[in-house]
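Analysis of the macromolecular model
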Amino acid sequence: MVLLEGAELGETRTRVRLEPFAHQVGGHTSMLHYDETTLCKPLFSQEQVFYESLPADMKPFTPQYRGLISVYVEKDSSGHISLVACPQNDNESPAQESPMATKRTQQRAKTPCAAEHKPAREGLLLDRTCNDRSSVCGTGTGKGKRDASFHMKDPNGNESATPERSSHNPWGLQCHRAQLMRMSSDSKDNEPYRFLLLENVASPFQLPCILDLKMGTRQHGEDASEEKKRRHMKKCEQSTSSSLGLRLGGMQVYQATTGHFLCRNKYDGRTLTAEGFRQALYQYLHDGHQLKRELLQPVLQRLSALRAVIERQGSYRFYSSSLLLIYEGKKHSLGRHPVSAPPRVDVRMIDFAHTSYRGATPNHTAYEGPDRGYIFGVENLINMLQEIKDGD
Ligand SMILES: Nc1ncnc2c1ncn2[C@@H]1O[C@H](COP(=O)(O)OP(=O)(O)OP(=O)(O)O)[C@@H](O)[C@H]1O
Ligand SMILES: [Mg+2]
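Residues numbered from 1 in each chain as written. Chains lettered and ligands numbered in written order. Predicted model: local features only at pLDDT ≥ 70, side-chain atom pairs only at ≥ 80, totals over all residues.

**A look at the overall build of the chain**
The number of helices and strands found in the chain is 8 helices and 17 strands. Of all 392 residues assigned to the chain, the portion counted as buried reaches 38%. Within the chain, residue pairs in contact and separated by at least 24 positions form 77% of the contacts whose partners lie at least 6 positions apart. (Helix = DSSP H or I, 4+ residues; strand = E, 2+ residues; numbered from the N terminus. Buried ≥ 20, exposed ≤ 12 C-beta atoms within 10 Å, placed from the backbone. Contact = placed C-beta atoms within 7 Å.)

**So, the site of ligand 1**
With respect to spatial proximity, 25 residues lie near ligand 1, and among them Gly26, Gly27, His28, Pro63 and Asp351 are the closest. Elements with a contribution of two residues or more to the shell around ligand 1: strand S4 (38-42), strand S10 (193-199), strand S11 (208-215), strand S12 (246-255) and strand S15 (322-328). When the residues that make up the shell around ligand 1 are grouped by side-chain class, the tally is 11 nonpolar, 10 polar and 4 charged. Taken domain by domain, the shell around ligand 1 gets at least three of its residues from each of domain 1 (2-147 + 167-199) and domain 2 (208-390). (Near = placed C-beta within 6 Å. Nonpolar A, V, L, I, M, F, W, Y, C, P; charged D, E, K, R; others polar. Domains from an automatic or database assignment.)

**A closer look at the nonpolar core**
Core analysis: the biggest nonpolar cluster contains 47 residues, and Ile210, Met251, Tyr284 and Ile326 have the highest contact counts within it. Here this core spans two domains, since at least three of its residues come from each of domain 1 (2-147 + 167-199) and domain 2 (208-390). Not counting the four nearest positions on each side in its chain, methionine 251 is found in contact with Val25, Ile210, Leu211, Asp212, Cys263, Arg264, Ala280 and Tyr284. Membership of the second largest hydrophobic core comes to 28 residues, among which are Leu32, Val84, Phe195 and Leu197. (Core = buried A, V, L, I, M, F, W, Y, C linked by C-beta atoms within 7 Å.)

**Side note on the pairing of S11**
Of all 8 residues in S11, 8 are buried, a share of seventy percent or more. Burial of S11 is two-sided: the residues Pro208, Ile210, Asp212 and Lys214 facing one way and the residues Cys209, Leu211, Leu213 and Met215 facing the other way are all buried. Inspection of the sheet shows S11 paired to S15 by 7 bridges, in the antiparallel sense. Bridge pairing in S15 links aspartate 212 to leucine 324. (Pairing = 2+ DSSP bridges.)

Next up, the structure:
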């Protein structure tokens, strides 16, 4: 976290410069690193309302919701752009603010606090003369400095001929560049944007191996336009969403052989056949040397527990949400008295901007029973992992 002082008003108020999150494997918005265990995500009021009314038995399977925050775009005379978060005063309870029903994809806060702002000393360089690859340069803090770099795979799963070496996942950086462009060209009167604060579920891992799976057989939300609905339905029909209730939305897996993360993105995921998906799943569990069999039992256990929880969520439809699978890519060094501990794995649901449930969208009739498309996906995932486990 980069702490800045809001000293212009004579008060000391913590401001936090936001960095792109190094381990963003999917999505389209930019996830920003707020502190060691917290990320910021652009606010969609439906997602806020979802987290605020989250059923207790889903909490172990979702990131912890940590409130809202205002984010300012700061640009200095040489074109450096920074995003700076301005935490709430103690007496403003972020969770109690009413969601703003606006058509903007990213929402603005009601109360700007621009007077507190000093020009950023460092930050992200948004250089319109750079090509797409290099238009964001430098992240300024040690958070981006990793002991592993990231390599892209081409759509056939082969390593790219000109791998982009970066301390950040290349897909996440691409999202970040696009979001900075949108926010800086859209930034009027230094009005802040509103962001959600969410637990960073990758933070306990040193070299997080992450799989983002778009879940279910339907992706469009209740509020989708006819055009958007058609687009989403076509993507589902033409991908493993319809056949498996699962689609690869992004992936990074640490390769012990080369010391870098191998990455695949959602465009790659959309082209996979069911067999291609199975191979990607296998690849996710492989460190370049060997299949990490020890992960299978703990992941399967967690998925069975998730299935039981989803079965109990009548009326919920998790359209366009993802399931994140995470495990530790770093080999633990064996001490003098090695103990065989179960490997650290996690399975979490994320992205509830288009989740529907009774009472969430007043103009829509509520569905009965649990989300069968989601459960179909979880069961196929369990079956595929079980087959890998039983294989030679
Ligand atoms: N709580 C979290 N902890 C760690 N990583 C996260 C978390 N939430 C999101 N991510 C990362 O950010 C990516 C995008 O997240 P998310 O799906 O919420 O964004 P989105 O832009 O709304 O997605 P979409 O394009 O599907 O609408 C995920 O693939 C994951 O890598
Ligand atoms: Mg998503």
